[in-house]
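# Working through the structure, step by step
Okay, here's what each chain looks like letter by letter:
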Amino acid sequence: MNGEPVLRFDGARTVTAAAVEEIGTLCDRAEDHREPGPVIVHVTGAPPADWAKGLTVGLVSKWERVVRRFERLGRLTVAVASGECAGMALDLLLAADVRIAEPGTRLRLAGAGGGTWPGMSVYRLTKQAGAAGIRRAVLLGTPIDTDRALALNLIDEVSAEPAKTLAGLAGVTDGAETAIRRQLIFEAGSTTFEEALGAHLAAADRALRREAKS
């Protein structure tokens, strides 16, 4: 895949300092090596029922912060999901720019403390699919199958051959431009037209300058 940073992440584990370091290292590699192409994570797995035993809020905070770092990387990020996808695997999937699911994939929130885990996946699910679309998943722990996830725009594509889609992303826009456009998307839901205009004009000016040099 042209040397893009690639990680296979097992979501069947519990949150640990090693898991935080694993994603941090991936982000370091992505930022240190600026070749064209996306940063790719393959995610699968769901943690065991007692996964939250002994977990601390401090460690949860470190995990959420490293996922946020992945979400804001100056490179296009792609997640390929398969099988049961919950816990840390779901966190990474929802933080990626492009999401591919293999047939039979199911997304769900892990359970803890008598209900579903109230982590930032709840926030991302709600922001991305709307409260009505994910209410049963959050309140009842109902799994979201691929058809439902596709209808809710939680995934972009269902494919038995994700390598074909990945190959088509090898020449994506360079990292700085990807990061700028992603930030415009993030800000669109919380700013007025007038507030957003300056950022969009600045991005347009940058694009025109690059076009003139090409």
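Residues numbered from 1 in each chain as written. Predicted model: local features only at pLDDT ≥ 70, side-chain atom pairs only at ≥ 80, totals over all residues. Heavy atoms only, no water.

## Considering the environment of L76
For L76, the position within the fold is in the loop between helix 2 (57-71) and strand 3 (77-85). A relative accessible area of 14% places L76 in the buried class. As a C-alpha pair, L76 and A179 span 103 residues in sequence and 7.8 Å in three-dimensional space. (Helix = DSSP H or I, 4+ residues; strand = E, 2+ residues; numbered from the N terminus. Buried < 20%, exposed > 50% of the residue type's maximum accessible area, 1.4 Å probe, protein only.)

## Quick word on the pairing of strand 3
Relative to strand 3, strand 2 (residues 39-45) is paired through six bridges, and the arrangement is parallel. Across the sheet, the residue bridging to V39 is T77, located in strand 3. In terms of handedness, the path from strand 2 via helix 2 over to strand 3 forms a crossover that is right-handed. As defined by bridge partners, strand 3 adjoins strand 4 (residues 98-101) across four bridges and the pair is classed as parallel. Residue A79 lies in a different strand from strand 4, and its bridge partner there is R99. For the handedness criterion, the β-α-β arrangement of strand 3, helix 3 (residues 88-95) and strand 4 is classed as right-handed. In this sheet, strand 5 (residues 106-107) lies alongside strand 3 in parallel orientation, the contact comprising two bridges. Each residue of the ladder has a partner; that of E84, found in strand 5, is R106. (Pairing = 2+ DSSP bridges. Right-handed = clockwise from strand over helix to strand, strands pointing away.)

## Some words on the environment of P118
Assignment of secondary structure puts P118 in the loop between strand 7 (115-116) and helix 4 (120-129). In this structure, the C-alpha to C-alpha distance between P118 and A19, residues 99 residues apart in sequence, is 19 Å.

## Points about the confidence of the model for the chain
When pLDDT is averaged along the chain, the result is 89, and 95% of the positions lie at 70 or above. Here helix 8 (residues 175-188) stands out as the least confident element of the chain, with mean pLDDT 79; strand 5 is the most confident, with 98. (pLDDT = per-residue confidence, 0-100.)

## Looking at the nonpolar core
Side chains of nonpolar character tend, in soluble globular proteins, to be buried together. The biggest cluster of nonpolar side chains holds 45 residues, and the ones touching the most others in it are F9, I23, V43, W63, F70, L93 and L154. Take this core: its biggest share by element is seven residues, from helix 3. Once residues within four sequence positions are removed from consideration, W63 is found in contact with F9, V15, A19, V20, I23, M88, D91 and L92. Judged by nonpolar contacts, the second largest core, of eight residues, contains I40, V78, I100 and L166. (Core = buried A, V, L, I, M, F, W, Y, C linked by side-chain atoms within 4.5 Å. Contact = heavy atoms within 4.5 Å.)

## A look at unusual backbone geometry
One non-glycine residue, N153, lies in the positive phi region at around 65°. For N153, the position within the fold is in the loop between helix 6 (146-151) and strand 9 (157-158). Here N153 falls in the exposed class, since its relative accessible area comes to 56%.

## So, helix 2
Taking 1.5 Å as the rise per residue, helix 2 with 15 residues should run 21 Å; its terminal C-alpha atoms sit 21 Å apart, in good agreement. Of all the residues in helix 2, the buried ones are L59, V60, W63, E64, V66, V67, F70 and E71. Burial along helix 2 is one-sided: seen end-on, the buried residues are contained in an arc of 165°. Residues of helix 2 that are exposed and point over 90 degrees away from its buried face: V57, K62 and R65. (Expected span 1.5 Å × (residues − 1). Arc of directions from axis to C-beta.)

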